[in-house]
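Summary of the model geometry
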Amino acid sequence: NQYLQRSVCRFELPFDGFCTACDAIVGKGTRFNAHKAHVDDYFTTKIYEFTTRCRACGNCEFKIRTNPKERTFDYTSGIRKKVEEFDSAEAGTRGVIDTEIGNGILQ
């Protein structure tokens with residue numbers, strides 16, 4: 001078992017990202033053999049850090065941490081998260097239906 005011998009596990013990226021060294025796109029769902037380490041605790045939940053390398057350039061090291069407070073993952077170094085913003089007016093759609101107010105369409 002690789003994890004018991006060398007703390008290596010199979011890790012899949014939760015979000016799209018970019019390598020900070022070579023700006024290569026690293027897609028969501030890309031699997032890596034990553035080193036798993038316990039780095040901190042949030043109350044009784046362990047915070048793990050996964051360390052792996054970029055497949056494109058090979059010299060950039062990605063560090064990704066679990067974030068139990070926000071229920072997500074944080075890209076801490078070597079990789080930056082791809083942020084996509086959506087503007088309904090620019091896309092030509094009518095807006096979002098707000099279920100708390102009723103079936104009205106927000107502009």
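Note that the coordinates shown come from a computational prediction; the quantities given were computed from them, not determined experimentally.

All right, on to the sheet that holds strand 7 (residues 72–77) then. Strand pairs in the sheet, formed through backbone hydrogen bonds, run parallel or antiparallel to each other. The strand order 1-4-5-6-7 describes an open sheet built from 5 strands, whose pairing is antiparallel. A single partner strand is all that each edge strand has here, and the edge strands are strand 1 (8–12) and strand 7. Each neighbouring strand pair of the sheet contributes to a mean axis angle of 40 degrees, computed without reference to strand direction.

Attention now goes to the confidence of the model for the protein chain. Of all residues in the protein chain, 82% have pLDDT values of 70 or greater, and the mean over the chain is 83. Looking at the elements of the protein chain, mean pLDDT is at its lowest for strand 10 (residues 105–106), recorded as 50, and at its highest for strand 6 (residues 61–67), recorded as 94.

A separate point is the side chain of Thr66. Within the secondary structure layout, Thr66 lies in strand 6. A polar contact is formed between the side chain of Thr66 and the backbone nitrogen of Tyr48, at a distance of 3.0 Å. Other than its neighbours up to four places away in sequence, Thr66 contacts Lys46, Ile47, Tyr48, Phe50, Thr72 and Phe73.

Attention now moves to the sheet that holds strand 3 (residues 25–26). Ordered in space as 3-2-8, the 3 strands form an open sheet in which the pairing is antiparallel. At either end of the open sheet lies a strand with only one pairing partner, and these are strand 3 and strand 8 (79–81).

Rules of the game
Residues numbered from 1 in each chain as written. Predicted model: local features only at pLDDT ≥ 70, side-chain atom pairs only at ≥ 80, totals over all residues. Heavy atoms only, no water. Pairing = 2+ DSSP bridges. Helix = DSSP H or I, 4+ residues; strand = E, 2+ residues; numbered from the N terminus. Axes fitted to C-alpha atoms, helices over the stretch in contact; angles between N-to-C directions. pLDDT = per-residue confidence, 0-100. Polar contact = N/O pair within 3.5 Å; in protein donor to acceptor, adjacent residues only side chain to side chain. Contact = heavy atoms within 4.5 Å.

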